[in-house]
Amino acid sequence: MSHEHLDVLIIGAGLSGIGAAHHLQEQHPHRSFALLESRESLGGTWDLFRYPGVRSDSDMHTLGFGFRPWKEAKAIADGPSILAYLQDTAAEYGIDRKIRYGRRVVSADWSTADSRWTVQVDHVGGGERETLTCSFLLGCTGYYRYDEGFTPVFPGRERFGGEIVHPQHWPEDLDYAGKRVVVIGSGATAVTLVPAMATDAAHVTMLQRSPTWIASLPSVDPFAERAKRFLPDAAAFPLTRWKNVMQQLGVFQLSNRHPKVVKRFLRGILERHLPDGYDIDRHFTPTYDPWDQRLCLVPDGDLFRAIRHGDAEIVTDHIETFTETGLRLRSGAELDADVVVTATGLNLLMLGGVTLAVDGTDVDVPEAMTYKGMMLEGVPNFAFAIGYTNASWTLKADLTGEYVGRLLKHMDEHGFAQATPVNDDPTVQQVPLLDFDAGYVLRSVDQLPRSGTKGPWKMRMNYLYDAFALRFGTVEDEAMKFTSPPVASASPAGTEGREAAAPTPV
């Protein structure tokens, strides 16, 4: 039985997958590839989330692709605009024709003898399982579960007479106009939902256990608008992109080295935007330093404006129990609600839940170290895209796509069929992949692969370092082993269910 063989399989047709596909076909126009997408549409995060006001908390000059400039005025863009951008990008470069929808990758087994992956794929809508083979596998699945968000156990939830919704599964027919809404949470989703819902709801309360650091920026970048006015597009976009890269990096480094300075700056923003006498210490001053968790962004101060106008309020307390009409808090206060939104976070899921095996032995992903933040120790011809926690996701995802193209080119030029990161340095210690105190990371850090303490095993959150190392650094180092094993002879035991074709350099 013959199975379709492709040079490269990309899992996921979201932001990372579309970018990776572009880099692949630009650097290797004759290489065969496909994108396998479990949903029935492209866009990933930006097609999944449909809650009111959904938007990016990164500017589109860095969240957008470096190869296709963001041209809209709003740099802090809403979800539908970002989705349209992704759809237009996929269509413009012909990537949409390479996407196979309703395909959920279940497992991938690497054969050293054949220098290829055997990939098992389920058809989401039903039908027989499909088997594909490929020479290189690229995971662009993000790192959270698409089928469920995180919701804590709330006592008394079953007694509540109103509606309870999670932003990851927003009902299209939810009517909250003129109703009392409580949004549980203090992260990016919560601070987005509150001002968006406040325009129609009778009142919105953001209920948080503890505050989050919040900053405000204009949704339209004045620098970008001036650059577009006086410079050609070929110069204006990269100039704005690099300005924002340096700004993000500068704020992050300053937060790490001089947190008190950043705290004073953020407090100054709050004092300018909130009513006189507002309890900033209680509701907007966390116990941790800025960028120990991701800094939340409210474009044009929309959350603060909703508070000033009396359409929204912040309550900092703990939930004791749900009641028939709302929530009772630990302080004894009660919040009446018709709708409760549990903006309580994500559940992480590495590689989209795909099981990896090498020569029949399962890969223990949480015990494997990452090589250059994109490959796994001991796993040949496999890479995955994971973005920065302190800057735009796309910056690292774009570098990953570019680097994979460089790696494949090097293998072609030297006749190598396999590239495997191997750790031979006993002094490298394992540390958590993400040095980040966000709740969704802390809950699931044991499910993620590991970072190393030095060298190519260290997961760096520094775009400047990565841009130089991954674009211009050598693909040959002591940790990367290139090989060209002899082709396995065809035999009933060795080739049943697969093509008996000789591998070629990928």
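Every value quoted in this text rests on a predicted model; they were computed, and no experiment measured them.

So, how was this worked out
- Residues numbered from 1 in each chain as written.
- Predicted model: local features only at pLDDT ≥ 70, side-chain atom pairs only at ≥ 80, totals over all residues.
- Heavy atoms only, no water.
- Pairing = 2+ DSSP bridges.
- Helix = DSSP H or I, 4+ residues; strand = E, 2+ residues; numbered from the N terminus.
- Axes fitted to C-alpha atoms, helices over the stretch in contact; angles between N-to-C directions.
- Phe/Tyr/Trp six-rings, centres within 6.5 Å; stacked < 30°, edge-to-face > 60°.
- Buried < 20%, exposed > 50% of the residue type's maximum accessible area, 1.4 Å probe, protein only.
- Expected span 1.5 Å × (residues − 1).
- Patch = residues over 30% accessible without salt bridge, like charges linked within 9 Å, V, L, I, M, F, W, Y side chains within 5 Å.
- Areas by Shrake-Rupley, 256 points an atom, 1.4 Å probe, with all protein chains shown as cover.
- Salt bridge = Lys/Arg side-chain N within 4 Å of Asp/Glu carboxyl O.
- Core = buried A, V, L, I, M, F, W, Y, C linked by side-chain atoms within 4.5 Å.
- Contact = heavy atoms within 4.5 Å.
- Lys, Arg positive; Asp, Glu negative; His and termini not counted.
- Charge placed at Lys NZ, Arg CZ, Asp CG, Glu CD.
- 1 Å grid on protein atoms, 1.4 Å probe; cavity = no way out; pocket = protein on both sides within 12 Å on 5 of 7 lines; lining within 4 Å.
- Points joined across faces, edges and corners; volume = space filled by probe spheres on them.
- Nonpolar A, V, L, I, M, F, W, Y, C, P; charged D, E, K, R; others polar.
- Right-handed = clockwise from strand over helix to strand, strands pointing away.
- Polar contact = N/O pair within 3.5 Å; in protein donor to acceptor, adjacent residues only side chain to side chain.

### Focus: the sheet that holds strand β14 (residues 319–322)
- Spatial ordering of the open sheet is given by β14-β15-β16, a layout of three strands whose pairing is antiparallel. Taken across any chain shown, the strands that pair with only one partner, and hence form the sheet edges, are β14 and β16 (334–336). Looking at each pair of strands side by side, their axes are set apart by 20 degrees on average, direction ignored.
- By the bridge criterion, three bridges tie β14 to strand β15 (residues 326–329) in an arrangement that is antiparallel. Looking at β15, one finds that T321 is bridged to R328.

### A word on the pairing of β15
- The hairpin formed by β14 and β15 contains three residues between the paired strands.
- For β15 and β16, the ladder comprises three bridges, and the chain directions are antiparallel. Along β16, the bridge assignment pairs R328 with E334.

### Focus: the packing of aromatic side chains
- Within this structure, the stated rule accounts for 21 aromatic pairs.
- Relative to F322, the ring of F160 has its centre 5.7 Å away and its plane inclined at 70 degrees; by these criteria the two rings are edge-to-face. Within this pair, whereas F160 is found in the loop between β7 (144–149) and β8 (163–165), its partner F322 is found in strand β14, the two being separated by 162 residues in sequence. For the pair formed by F160 and F322, the shared burial category is buried.

### Let's talk about helix α1 (residues 15–27)
- If you check α1, its first and last C-alpha atoms are 19 Å apart, about what 13 residues at 1.5 Å a residue would give, namely 18 Å.
- In terms of residue burial, α1 counts as a mostly covered element, since 11 of its 13 residues are buried.

### Points about a nonpolar patch on the surface
- A cluster of nonpolar side chains, namely F230, L231 and L239, defines an oily patch on the protein surface of about 300 Å² accessible area.
- Within the element layout of this structure, L231 appears in the loop between α6 (222–230) and α7 (233–257).
- We classify L231 as partly exposed; its relative accessible area is 33%.

### With respect to the nonpolar core
- Residues W117, L137, V183, F284 and L356 are the most contacted members of the largest nonpolar core, which totals 128 residues.
- Among the elements that make up this core, the one with the highest residue count is helix α11 (residues 393–414) (nine residues).
- Setting aside anything within four residues of it in sequence, one finds F284 in contact with P211, T212, W213, I214, L270, L274, Y278, L303, F304, I307 and I314.
- Of all hydrophobic cores here, the second largest spans 12 residues; its members include F154, I184, L327 and L329.

### So, the sheet that holds strand β9 (residues 180–184)
- Taken together, the five strands give an open sheet; going across it, the order is β8-β17-β9-β10-β13, and neighbouring strands pair in parallel fashion. Because the sheet does not close on itself, it has two edges, and the strands there are β8 and β13 (312–316). Put simply, the sheet's adjacent strands are angled 20 degrees from each other on average, direction ignored.
- Pairing analysis gives five bridges linking β9 to strand β10 (residues 203–208), with the strands arranged parallel. Bridged to I184 within β10 is L207.
- On the sheet, helix α5 (residues 188–198) packs against β9, β10, β13 and β17 (339–342) and is oriented at approximately 165 degrees with respect to β10.

### Section: a negative patch on the surface
- The grouping of D109, D359, D362, D364 and E367 at the surface amounts to a negative patch.
- Note that D359 resides in the loop between β19 (355–358) and β20 (361–362).
- In this structure D359 comes out as partly exposed when scored by relative accessible area, which is 45%.

### Re the layout of surface pockets
- In this structure, the second largest pocket spans a volume of roughly 660 Å³.
- Surrounding the second largest pocket, 29 residues form its lining, L217, Q247, Q248, V251 and L297 being those nearest its centre.
- Elements that contribute at least two residues to the lining of the second largest pocket include exactly β11 (214–217), α7, α8 (259–273) and β12 (296–299).
- For the lining of the second largest pocket, the per-class residue count stands at 18 nonpolar, six polar and five charged.

### A look at the environment of L434
- Its place among the elements puts L434 in the loop between β25 (430–432) and α12 (439–444).
- Classification of L434 as buried rests on a relative accessible area of 3%.
- Note: C-alpha distance between L434 and M459 (25 residues apart in sequence) is 7.8 Å.

### What to know about the pairing of strand β1 (residues 4–11)
- Burial within β1 is extensive, with six of its eight residues counted as buried.
- Sheet topology note: the β1/strand β2 (residues 33–37) ladder contains four bridges and is parallel. Among the inter-strand pairings, I11 is bridged to a residue of β2, identified as L36.
- Chirality of the crossover, the property in question, places the unit of β1, α1 and β2 among those that are right-handed.

### A look at the side chain of T89
- Topologically, T89 is positioned in helix α4 (residues 79–92).
- Overall, T89 belongs to the buried group, its relative accessible area being 0%.
- In terms of polar contacts, T89 uses its side chain to reach the backbone carbonyl oxygen of Y85, at 2.7 Å.
- Apart from the residues within four sequence positions on either side, T89 is in contact with I18, F65, F67 and R68.

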